[in-house]
Amino acid sequence: MELVSAFQVIPGEGERPGAFAAFPYDRDLVRRFREAFPRARWRGEEQGWFVPGTTAEQRLNAWMAQELADLDRHADAKGRDAYLFEPLESPYLSIGEDLRIRTPYSRTIVETLRSIPWASWNPEDKVWHVPFRSYEALRQKWSVIEEAARRNEPAERQRRREEQRRAGAARIDPAQAERRRRRYPVPGDDLPPVEMPLMTIPWGVVVFDEIDDHVIEEALDANLYPHAAADPGRHVWAHWRMPALQEVYRARPARETEERSLRESRGWWRPSRDELQDRARRLRQSERAQRARHAGHKDVRRAGD
């Protein structure tokens, strides 16, 4: 790219018709230029060769195009020799008339290949073409390209997703994961009433709205369900929800002396006055937080309007 911009033809502006030629200094290149344009003279002020004549600009453009084509062929041959001497071996690289690169999509790869001179994308074949003249530039950046290609292989991306999923699952507290299931083991021969606020060991005051009819066969966590862990074959799953505030207000508290003995035997009991008041306080806090969030969302929408 830089070589092309170093070859310039500048139209002359004086009374004498002609044009100026500027190109990188090379003894053989100057010799070929003088042979093609014997009337050319060096102009130090303009830092270029002045070629007289009304057709000078057209003749200079034609000569430079030929020289650049010859230089490209020479550079391609030199790059091919460099590849044969120190080849890149990779499943992402194939050889034809040029170097061809086919990889999974990666923004890193696209940006890297765009920085390589004369690299071009073929949308029909979905392959990058790099001429041999750019082999050295490609070789210097190949480790970046190959690493990004391997990271974006479908199998590798799936492996990373699985690792992230397992890592995320490991970070979830077992008690929190169990709470999300909204289930609770209750004795199959001593079922709780449904649609009534009841006290449970790990979740506090809840309302059971559905009870399974098959016995639990899996092992139970003794920390969460101490009443059922020792005898899981006797219990079934009862599915619960949080009570509404009005349900808590209407619930009749139990006598502490009557219900305390049931804590270890069946795992549920009618809540005391203090237990109901604690649940009501938590529900009121939750409602206030929801109203505050709702008001904040309305303010944001108003500001957007």
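Below or above, wherever it landed, is the structure these notes cover.

Take the overall build of the chain next. On a plain count of helices and strands, the chain comes out with 11 helices and 13 strands. When the 305 residues of the chain are sorted by exposure, 34% land in the buried category. Look at the contacts in the chain between residues 6 or more apart in sequence, and 59% of them connect residues 24 or more apart. For the chain, the exposed surface amounts to about 20000 Å²; the carbon and sulfur share of it is 48%.

Turning our eyes to something else, we now look at the sheet that holds strand β5 (residues 93–95). Sheet architecture is open: 4 strands sit in the order β5-β6-β8-β7, paired in antiparallel fashion. Across the chains shown, the open sheet's two edge strands, defined by having one partner strand only, are β5 and β7 (120–122). Across the sheet, the mean angle separating the axes of adjacent strands is 30 degrees when strand polarity is ignored. Looking at chain direction, β7 and strand β8 (residues 127–130) are connected through 3 bridges and run antiparallel. Each residue of the ladder has a partner; that of asparagine 122, found in β8, is valine 127. In the packing of helix α5 (residues 135–151) onto the sheet, the strands contacted are β5, β6 (99–101) and β8, and the crossing angle to β6 comes to about 35 degrees.

Turning our eyes to something else, we now look at the nonpolar core. One finds Leu93, Leu99, Ile101, Leu113, Val130, Leu138 and Trp142 to be the most contacted residues of the largest nonpolar core, which totals 19 residues. A total of 6 residues in this core trace back to one element, the largest contributor, which is α5. For leucine 138, the residues in contact, after removing those within four places along its chain, are Leu99, Ile101, Leu113, Ile116, Val130 and Ile145.

The geometry of helix α4 (residues 107–114) relative to α5 is characterised by a closest axis approach of 9 Å and an angle of 165 degrees between their N-to-C directions. When the axes of α4 and α5 are compared, the pair comes out roughly antiparallel. The interaxial crossing formed by α4 with α5 has left-handed handedness. Contact residues: α4 offers Thr108, Ile109, Thr112 and Leu113, while α5 offers Leu138, Lys141, Val144, Ile145, Ala148 and Ala149. Class assignment for the residues of the contact of α4 with α5 results in 7 nonpolar, 2 polar and 1 charged.

Pairing is antiparallel across the open sheet formed by 4 strands, whose spatial order is β1-β2-β4-β3. Looking at the sheet topology across the chains shown, the edges are occupied by β1 (8–11) and β3 (41–43). Across the sheet, the mean angle separating the axes of adjacent strands is 35 degrees when strand polarity is ignored. Two strands pair when backbone bridges link them, and strand β2 (residues 18–22) and strand β4 (residues 48–52) are joined in this way by 4 bridges, in the antiparallel orientation. If you follow glycine 18 over to β4, its bridge partner there is proline 52. Here helix α3 (residues 56–85) sits on the sheet in contact with β1, β2 and β4, set at roughly 25 degrees to β2.

Moving on to the packing of helix α2 (residues 27–36) against α3. Any two packed helices are characterised by the angle at which their axes cross and by the distance between the axes. Relative to each other, α2 and α3 sit at 145 degrees, their axes nearing to 12 Å. Of the two possible hands of crossing, α2 and α3 adopt the one that is right-handed. On α3, the residues touching Leu29, Arg32, Phe33 and Ala36 of α2 are Leu60, Trp63 and Glu67. Across the contact of α2 with α3, the residue classes break down as 5 nonpolar, no polar and 2 charged.

The next thing to look at is the pattern of salt bridges. Note that side chains of opposite charge can pair when their charged atoms are close. Inspection of every chain in the model, using the stated rule, returns 18 salt bridges. Close ionic contact of arginine 282 with aspartate 278 constitutes a salt bridge, the shortest N to O distance being 3.1 Å. Separated by 4 residues within a single helix, arginine 282 and aspartate 278 lie in helix α11 (residues 273–304), roughly one turn from each other. Through salt bridges with shared partners, a single ionic network connects Glu156, Arg159, Arg160 and Glu163.

Take the pairing of strand β12 (residues 235–241) next. Within β12, 5 of the 7 residues are buried, which leaves it mostly tucked inside the rest of the structure. Pairing of strand β9 (residues 183–187) with β12 involves 5 bridges; the strand directions are antiparallel. Each bridged residue has a counterpart across the sheet, and for arginine 183 the counterpart in β12 is histidine 239. Where strand β11 (residues 204–215) lies against β12, 5 bridges are found, and the strand directions are antiparallel. By the bridge assignment for β12, valine 207 is matched with arginine 241.

A separate point is α4. Turning to α4, its buried residues number three or more, namely Ile109, Val110, Thr112 and Leu113. All buried residues of α4 lie within an arc of 170 degrees about the axis, which places them on one face of the element. Opposite the packed face of α4, turned more than 90 degrees from it, sit the exposed residues Arg107, Glu111 and Arg114. For α4, the secondary structure elements touched by its buried residues are β6, β8 and α5.

The rules behind these values
- Residues numbered from 1 in each chain as written.
- Predicted model: local features only at pLDDT ≥ 70, side-chain atom pairs only at ≥ 80, totals over all residues.
- Heavy atoms only, no water.
- Helix = DSSP H or I, 4+ residues; strand = E, 2+ residues; numbered from the N terminus.
- Buried < 20%, exposed > 50% of the residue type's maximum accessible area, 1.4 Å probe, protein only.
- Contact = heavy atoms within 4.5 Å.
- Areas by Shrake-Rupley, 256 points an atom, 1.4 Å probe, with all protein chains shown as cover.
- Pairing = 2+ DSSP bridges.
- Axes fitted to C-alpha atoms, helices over the stretch in contact; angles between N-to-C directions.
- Core = buried A, V, L, I, M, F, W, Y, C linked by side-chain atoms within 4.5 Å.
- Parallel < 35°, antiparallel > 145°, perpendicular 65-115°, else oblique.
- Left-handed = near helix turned anticlockwise from the far one by under 90°.
- Nonpolar A, V, L, I, M, F, W, Y, C, P; charged D, E, K, R; others polar.
- Salt bridge = Lys/Arg side-chain N within 4 Å of Asp/Glu carboxyl O.
- Arc of directions from axis to C-beta.

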